[in-house]
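Summary of the model geometry
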Amino acid sequence: MSRLTRDFFARDAVTVARDLLGKSLLRSHGGEILGGIIVETEAYLGEEDSACHAAKGRTPRTQVMYGAAGHYYVYLIYGMYHMLNIVTGAQDHPQAVLIRALRPVRGMGIMQELRGGVAEKRLCDGPGKLCQALAIDRELNARPVESSALWLNDAPSPGEKRIMAAPRVGIGYASEEDQRRLWRFVLQGY
């Protein structure tokens, strides 16, 4: 499989979020490769999207979102969970795709250790959980997707019939219109 490059991400976040379904996210950790197939994503589209971190403008935290597409945006929520996003779109128009869930395929034993022994089915079924399982933290923030520490492999499209679009979750602070947008994408059948 070929690796995805920054060019793949130089499109709007909604398109990239759909197209990431079925691709592999892989992490080199302690000499081992951990990873899985992306099965859920969410798109965030810049300052005009009240659910996007950039809705309030450029800050030290969101600076990476204003940069070139194809870089990781990793942040901490609730002081304990890391979230992995990938910057998309044009420079100075802050967009990103949140990786919400993976189907684990490599390094399950190590991922289970990193997650405290949870069952394989629950290893990566949420954005904080997948970051914990893959040892993703702020050290990876602003790195390019071509990094040898964390990368994405291409895969054939799963087909539109297997993709479900739904409202994003956990954005109660956003406008009603932005809460209703169908910018969360789930790969059905995994």
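Below you will find a few notes about this structure.

1. Considerations on the overall build of the chain
Along its length, the chain carries four helices and eight strands. Considering the chain as a whole, with its 190 residues, one finds that 51% of them fall into the buried category. Taking all contacts inside the chain whose residues are at least 6 apart in sequence as the whole, residues at least 24 apart take part in 61%.

2. So, helix α1 (residues 13-20)
Since one α-helical turn is 3.6 residues long, residues separated by three or four positions face the same way. Within α1, the full set of buried residues consists of A13, V14, V16, A17 and L20. The buried residues of α1 occupy an angular sector of 165 degrees when projected down its axis, which confines them to one face. If you follow the buried residues of α1, they end up packed against β2 (32-45), β4 (81-88), β5 (95-106), β6 (150-153) and β8 (184-187). The opening residue of α1 is D12, an N-cap whose side-chain oxygen sits 3.1 Å from the backbone nitrogen of V14.

3. A look at the packing of aromatic side chains
Enumeration according to the criterion identifies two aromatic pairs in this entry. Ring centres 5.0 Å apart and planes at 75 degrees place the aromatic pair F8 and F9 in the edge-to-face group. Grouping residues by exposure puts F8 and F9 together as buried. Relative to Y75, the ring of Y73 lies with its centre 5.1 Å away and its plane at 40 degrees, an arrangement referred to as tilted. Over the ring of W151 we find R3, and its NZ or CZ is 4.1 Å from the ring centre. Sitting above the plane of the F8 ring, R11 keeps its charged end 4.6 Å from the centroid.

4. Considering the nonpolar core
F9, L20, L25, L84, I99 and L152 are the most contacted members of the largest nonpolar core, which has 42 residues in total. For this core, the elements supplying multiple residues, two or more each, are α1, β2, β3 (72-77), β4, β5, α3 (127-133), β6 and β8. Ranked by residues supplied to this core, first place goes to β2 with six residues. The residues contacting F9, other than those within four sequence positions of it, are L4, V16, L20, A69, G70, I86, V87, T88, G89, V145 and L152. Counting residues in hydrophobic clusters, the runner-up holds 15 residues, among them C52, Y66, M83 and I171.

5. What about the side chain of R115?
Relative to the elements of secondary structure, R115 occurs in the loop between α2 (108-114) and α3. The side chain of R115 sits in the buried core without any salt bridge; D125 is the nearest counter-charge, 4.9 Å away. Polar contacts involving the side chain of R115 include one to the main-chain carbonyl oxygen of L123, which spans 3.0 Å.

About the criteria used
- Residues numbered from 1 in each chain as written.
- Predicted model: local features only at pLDDT ≥ 70, side-chain atom pairs only at ≥ 80, totals over all residues.
- Heavy atoms only, no water.
- Helix = DSSP H or I, 4+ residues; strand = E, 2+ residues; numbered from the N terminus.
- Buried < 20%, exposed > 50% of the residue type's maximum accessible area, 1.4 Å probe, protein only.
- Contact = heavy atoms within 4.5 Å.
- Arc of directions from axis to C-beta.
- Polar contact = N/O pair within 3.5 Å; in protein donor to acceptor, adjacent residues only side chain to side chain.
- Phe/Tyr/Trp six-rings, centres within 6.5 Å; stacked < 30°, edge-to-face > 60°.
- Lys NZ or Arg CZ within 6 Å of the ring centre and 35° of its normal.
- Core = buried A, V, L, I, M, F, W, Y, C linked by side-chain atoms within 4.5 Å.
- Lys, Arg positive; Asp, Glu negative; His and termini not counted.
- Salt bridge = Lys/Arg side-chain N within 4 Å of Asp/Glu carboxyl O.

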